[in-house]
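Here is what each chain is made of, one letter per residue.
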Amino acid sequence: MNWYRLQLQEVFELLGSGKKGLSSAAAEERLLQTGPNELEEGKKKTIAGMLLAQFADVMILILLAAAIISGIIGDLTDTIVILVIVLINAVIGFFQEFRAEKAMLALKQMAVTQARVIRDDRALSVPSTELVPGDLVLLEAGNAVPADIRITESVALRVEEAALTGESHSVDKKVHPIDAEELPLGDRNNMAFKGTFVTYGRGSGVVVATGMQTELGRIARMLQEAETQTPLQQRMAVFGKKLSVLVLFLCVLFFITSWLRGEDLVKMVLTSISLAVAAIPEALPAVITISLALAAKRLVRFNSLIRKLPAVETLGSVSYICTDKTGTLTKNKMQVEEVWVNETLYDHTNAADISGSPAGIQLLQAFLLNNDAVAEADGTLKGDSTETALMAFARQNGLQEAPWPRIAEIAFDADRKLMTTFHQTDKGILAVTKGAPDILLDICKPVAGREDLSVRVNTMAEKGLRTLGFACRYWDRVEEEPASAEYEKDLDFLGFAGIIDPPREEVFEAVEQCKSAGIVPVMITGDHPLTAKTIAGRIGILSSGKDQVITGTELAALEPEAFAARVEKIKVYARVSPEQKLQIVKALQEKGHYVAMTGDGVNDAPSLKKANIGIAMGITGTDVSKEAAHMILLDDNFSTIVKAVQQGRRIYDNILKFIKYLMTTNSGELWTLLLGPLVGLPVALLPIHILWVNLVSDGLPAISLSFEKAEKDIMKRPPRPPKETVFAQGRGMHMLWVGMLMAGVVLAAQAWAINNGLHWQTIVFNVLCLLQMGHVLAIRSEKYSLFSIGIFSNKPLLGAVALAMILQFVITYVPFFQPIFKTQALTLMEFLVVGAASSVVFIAVELEKFISRRRKARPEPVL
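Residues numbered from 1 in each chain as written. Predicted model: local features only at pLDDT ≥ 70, side-chain atom pairs only at ≥ 80, totals over all residues. Heavy atoms only, no water.

Each helix and strand counted, the protein has 35 helices and 24 strands in total. Counting across all 863 residues of the protein, residues that qualify as buried make up 55%. A separation of at least 24 residues holds for 72% of the contacts in the protein among residues at least 6 apart in sequence. Looking at the protein as shown, the accessible area adds up to about 37300 Å², and 59% of this sits on carbon and sulfur atoms. The distance from the centre of the 87 positive side-chain charges to the centre of the 94 negative ones in the protein is 8 Å. (Helix = DSSP H or I, 4+ residues; strand = E, 2+ residues; numbered from the N terminus. Buried < 20%, exposed > 50% of the residue type's maximum accessible area, 1.4 Å probe, protein only. Contact = heavy atoms within 4.5 Å. Areas by Shrake-Rupley, 256 points an atom, 1.4 Å probe, with all protein chains shown as cover. Lys, Arg positive; Asp, Glu negative; His and termini not counted. Charge placed at Lys NZ, Arg CZ, Asp CG, Glu CD.)

Okay, here's the thing in structure tokens:
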């Protein structure tokens, strides 16, 4: 129902109400029908449900099956180890999910506790949860609007709607209907919405919607949509499914071939379990979680608070940043940008000169006289954002307070678009009038160059400035209650002030850095199109003739296919609704982009949650936006996002390094287990050996890889393609050939040890573990040698390698661990052979990088 289009009498008839409000009996009956005026929560996830969901992953199910089979055939050590791994992973995932679902609670806390209503023809206070459609609500400055209301009376009523619409200044409310279809929320100036605040004046209104039927309720419903998976979660889900199919295929293949060769059944089952355990990188979920947690801790130093761990790596893949304007790109504080007085324009280049002329001083006095803002003892200005901007400008230019006391006033209203104040001076009573320039000029004495003034006003408007005109007149006396028709005429024109919520200083460089990193910044705002276009042009979001600007009304008229064709060209969206913000994010995601959405208002919450990464403002942001976001900017600084993106790219690079590292190990284990029996060797590794290698020998160094420093060109390359897999850029081939090389070295050591009657199983176990140490040192950089990046440039990794080697020594030589890990003490000769064999992979990978560098350095042939 478009309540804003209806006459008041029609509104009252439809709601069964009137200017005396509802009766208490009618209100109680309606409350039973509509329910309380509060936000409902979606279907709650139970603790048991969230915990069980952690075991739904295919890789986890395969591990559980391996644990059960191991237990059935009597190998309890493997069963316990596998179950501990699965449980740790489940607990970490559970706590992440348990902490994430608080957005609805924050929305509910925005509800107002009490509301003043007219019932039974008298005013009384009732809990806001008991409001019903048809209730007549009284509003005054300082009140929160308790429901969606159609205004029935407005006495200079202004409402702050920034959190809901993105409008950067208070909105003047009026009573008359507005004849327009599908009007954006920000233009429905005869409506007040739940969750907004009255900043000035007083008024009343009839409740048209409560609870989930309000605009705030619609946002709450959108917040209940499922969250988007992060790039790594998507890639790992695909990877997990493919790996699971491969594991099952290899196990079945191995079982059938062994059965055809007449192998022992129990031995075949044990070896099949070994294959399953070898193929699954058990440490990978824990390593990723720990690495992301360490990165999140580091990001706090850059004023970025990570609420949801996967957001860290998402930063590295972002291709679009959809940013709210008010409070994000701008200061969320109005300021005087331009002043026109005595045929002279003053802006930031010459503003200080305005107090040098009598006309300038007179205009500055008008800024202070016709002004309801208040200066606190500490210098803070309180009041309407436009009036605080005017007061601040006057104070910056030498005038600290109004020179004469106010004795009367004609209050502002949205129909006249004027406000007049009266002041006692030595020359008589001075009337100062401010308001919309076109209306003000019509009530002034004839002004020379009137057409030029109109052009000047239009120029200011085209720059996105909110323009106010000022005029004055002296009177001998003034009525106790002055009337507009008598006193707002034949005025002397003083000048104009152009006001805007200006961009933050640091945003200019941040936008440029985004572009150089291949990230497209897009402005999405509920503010006026001209203002949005101006700010976007100034900071560089609009930088070419091909960049488009679109309003919410134009967007609503577009077919989905037409919007999809244009979405990558549109750089500014103005006057958009919360649903449209969500639509924009979804459209970009459907084009294959990873979208970051920044914002601070309640209206941003659904799109913050839907985006691949939602970024809320820590200082000006509402609780709702913070709870819906994945990351919070502690300093509300847009440029902090750029630093966070750099860290995100670094972390993602390092995650890819340890995926390559862990999967190469698994590849080596698989080749060892599959090829050994084919060349007549016994099964080289037991499940406990594989678990040790995958969790301890690999896990510690893999976590330490997250401390690797960023590559030099990290912010000069485009984001990673959304469809790029973890096997791209030669990583898959590396896993294959290095894995085969490891298997070759391990099987050669096994054959040599068996032929010489040595402790072959312990030798094989140690060679495989120590090969990993050489491998992790070699892959610290994909391009450069270990010696050129500095052996000691990642001390945590060196410590992890040393610790892994010490632990390997302990389980080999300490008698207590030997029966658990099926090891035997090696002789000196055996130990030296293990050391020599373990250096092969390090040398091979360093040689590969050397050849690659030489090939890239070779000049192209001249044609």
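What follows continues from the structure just given.
Glancing now at the pairing of strand β10 (residues 335-341). Among the 7 residues in β10, 6 count as buried, and that is most of the element. The pairing of β10 with strand β18 (residues 492-500) spans 6 bridges and is classified as antiparallel. In the sheet register, Q335 faces β18, and the bridge partner there is I500. Taken together, the 3 bridges between β10 and strand β11 (residues 344-346) define a ladder with antiparallel strand orientation. In the sheet register, W340 faces β11, and the bridge partner there is L345. Turn length for the β10-β11 hairpin, with the two strands adjacent in sequence and antiparallel, is 2 residues, and the turn residue N342 shows positive phi of about 50 degrees. (Pairing = 2+ DSSP bridges.)

A full pass over the atoms with the stated rule returns 11 aromatic pairs. Centroid distance F817 to F821: 6.5 Å. Interplanar angle 50 degrees. Geometry classified as tilted. In this structure F821 comes out as buried when scored by relative accessible area, which is 10%. Members of the aromatic cluster, joined through ring pairs, are W692, F816, F817 and F821. The lysine or arginine in question, R158, covers the ring of Y200, its NZ or CZ lying 4.7 Å from the ring centre. It is R473 that lies over the ring of W475; its NZ or CZ is 3.8 Å from the centre. (Phe/Tyr/Trp six-rings, centres within 6.5 Å; stacked < 30°, edge-to-face > 60°. Lys NZ or Arg CZ within 6 Å of the ring centre and 35° of its normal.)

Taken as a whole and assessed by the stated rule, the structure comprises 3 cavities of 30 Å³ or more. A class-by-class count of the residues in the lining of the largest cavity yields 5 nonpolar, 4 polar and 1 charged. (1 Å grid on protein atoms, 1.4 Å probe; cavity = no way out; pocket = protein on both sides within 12 Å on 5 of 7 lines; lining within 4 Å. Points joined across faces, edges and corners; volume = space filled by probe spheres on them. Nonpolar A, V, L, I, M, F, W, Y, C, P; charged D, E, K, R; others polar.)

Let us look at the nonpolar core. Core analysis: the biggest nonpolar cluster contains 118 residues, and F638 and V767 have the highest contact counts within it. By residue number, the principal contributor to this core is helix α26 (residues 638-678), which donates 17 residues. Core analysis: the next-biggest nonpolar cluster, separate from the first, contains 51 residues, Y4, V208, A587 and A628 among them. (Core = buried A, V, L, I, M, F, W, Y, C linked by side-chain atoms within 4.5 Å.)

This part takes up the packing of α26 against helix α29 (residues 731-755). Closest axis-to-axis distance for the α26/α29 pair is 7 Å, and the angle between their directions is 45 degrees. One finds that α26 runs oblique with respect to α29. For the pair α26 and α29, the crossing hand works out as right-handed. Within the contact between the two elements, α26 uses L656, I659, K660, M663, T664, T665, S667, G668, W671, T672, L675 and G676 and α29 uses R731, H734, M735, L736, V738, G739, M740, M742, A743, V746 and L747. Here the residues of the contact of α26 with α29 are counted per class, giving 13 nonpolar, 8 polar and 2 charged. (Axes fitted to C-alpha atoms, helices over the stretch in contact; angles between N-to-C directions. Parallel < 35°, antiparallel > 145°, perpendicular 65-115°, else oblique. Left-handed = near helix turned anticlockwise from the far one by under 90°.)

Looking now at a nonpolar patch on the surface. Residues L76, I80, V84 and I88 make up a contiguous nonpolar surface patch of roughly 380 Å² in combined accessible area. Looking at where I80 falls in the secondary structure, it is placed in helix α5 (residues 76-100). (Patch = residues over 30% accessible without salt bridge, like charges linked within 9 Å, V, L, I, M, F, W, Y side chains within 5 Å. Salt bridge = Lys/Arg side-chain N within 4 Å of Asp/Glu carboxyl O.)

With that settled, consider the state of the cysteines. In the structure shown here, the tally under the stated rule is 0 disulfides. Of all cysteine sulfurs in the structure, the one in C472 sits closest to C444, which takes part in no disulfide; the separation is 8.8 Å. Residue class for C444 comes out buried when judged on its relative accessible area of 10%. (Disulfide = S-S within 2.5 Å.)

In this section: the environment of Q646. Topologically, Q646 is positioned in helix α26. In this structure Q646 comes out as partly exposed when scored by relative accessible area, which is 33%. Setting aside its immediate chain neighbours within four residues, Q646 contacts I714 and M715.

Here we take up the sheet that holds strand β9 (residues 320-323). Here we have 8 strands laid out as an open sheet, ordered β8-β24-β23-β22-β9-β19-β21-β20, and mixed in their pairing. Since the sheet does not close on itself, it has two edges, and those belong to β8 (304-306) and β20 (548-551), each with one partner. Each neighbouring strand pair of the sheet contributes to a mean axis angle of 20 degrees, computed without reference to strand direction. Sheet topology places β8 next to strand β24 (residues 631-633); 3 bridges connect them, and they run antiparallel. Bridging across to β24, S304 finds its partner in L633. Where helix α20 (residues 529-539) meets the sheet, it contacts β19 (520-524), β20 and β21 (570-574), and its direction lies at approximately 145 degrees from that of β21.

You will see that D490, though not glycine, has its phi angle at about 50 degrees, which is positive. Locating D490 in the fold gives a position in the loop between α18 (484-487) and β18. Here the phi dihedral of R575 falls at roughly 55 degrees; this positive angle occurs in a residue that is not glycine. If you trace the backbone, R575 turns up in the loop between β21 and α23 (578-590).

The next subject is the pattern of salt bridges. Applying the stated criterion across every chain yields a total of 28 salt bridges. Where K571 meets D547, a salt bridge forms, and the shortest distance between an N and an O atom there is 2.9 Å. Of this pair, K571 sits in strand β21 while D547 sits in the loop between α20 and β20, and the two are 24 residues apart along the sequence. Taken as a pair, K571 and D547 share a single burial class, namely buried.

When two helices pack together, their arrangement is given by the angle between the helix axes and the distance between those axes. Running from N to C, helix α14 (residues 358-369) and helix α15 (residues 385-396) point in directions that differ by 140 degrees, and their axes come no closer than 8 Å. Taken together, the axes of α14 and α15 are oblique relative to one another. Where α14 crosses over α15, the handedness of that crossing is left-handed. Across from L364, F367 and L368 in α14, the residues of α15 making contact are L390, M391, F393 and A394. Of the residues contributing to the contact of α14 with α15, the split by class is 7 nonpolar, no polar and no charged.

One face of the sheet, then the other: side chains in a regular strand alternate in exactly this way. Along strand β23 (residues 613-617), 5 of the 5 residues are buried, which leaves the element largely enclosed by surrounding structure. Burial along β23 is two-sided: the face carrying I613, I615 and M617 and the face carrying G614 and A616 are both buried. When strand β22 (residues 595-599) meets β23, the two strands line up parallel, connected through 4 bridges. Paired with T598 across the bridge in β23 is I615. With 3 bridges connecting them, β23 and β24 associate as parallel partners. Residue pairing across strands places I615 opposite M631, the latter belonging to β24.

A word on the side chain of Q589. Looking at the secondary structure, you find Q589 in helix α23. Of the polar contacts made by the side chain of Q589, one reaches the side chain of N612; its length is 3.1 Å. (Polar contact = N/O pair within 3.5 Å; in protein donor to acceptor, adjacent residues only side chain to side chain.)

Attention shifts here to helix α1 (residues 8-15). Along α1, the positions that sit buried rather than exposed are L8, V11, F12 and L15. Buried positions in α1, seen along its axis, are confined to an arc of 95 degrees and lie on one side of it. The exposed residues of α1 that point more than 90 degrees off its buried face are Q9, E13 and L14. In this structure, the buried residues of α1 make contact with α2 (24-34), β3 (136-140), β4 (148-160) and β7 (197-209). Where α1 ends, the next residue or the one after it, G16, has phi of about 65 degrees, a positive value. (Arc of directions from axis to C-beta.)

Turning our attention to the sheet that holds strand β16 (residues 428-435). Spatially, β11-β10-β18-β17-β16-β15-β14 is the arrangement adopted by the 7 strands of the open sheet, whose pairing is antiparallel. Two strands lie at the open edges of the sheet, namely β11 and β14 (406-413), each paired on one side alone. Pairwise comparison of adjacent strand axes, ignoring direction, gives a mean angle of 20 degrees for this sheet. Note that β14 and strand β15 (residues 418-425) share 5 bridges and pair antiparallel. Bridging from a neighbouring strand, A408 pairs with F422 of β15. With respect to the sheet, helix α17 (residues 450-462) is in contact with β10, β11, β17 (466-475) and β18, its orientation differing from that of β18 by roughly 15 degrees.

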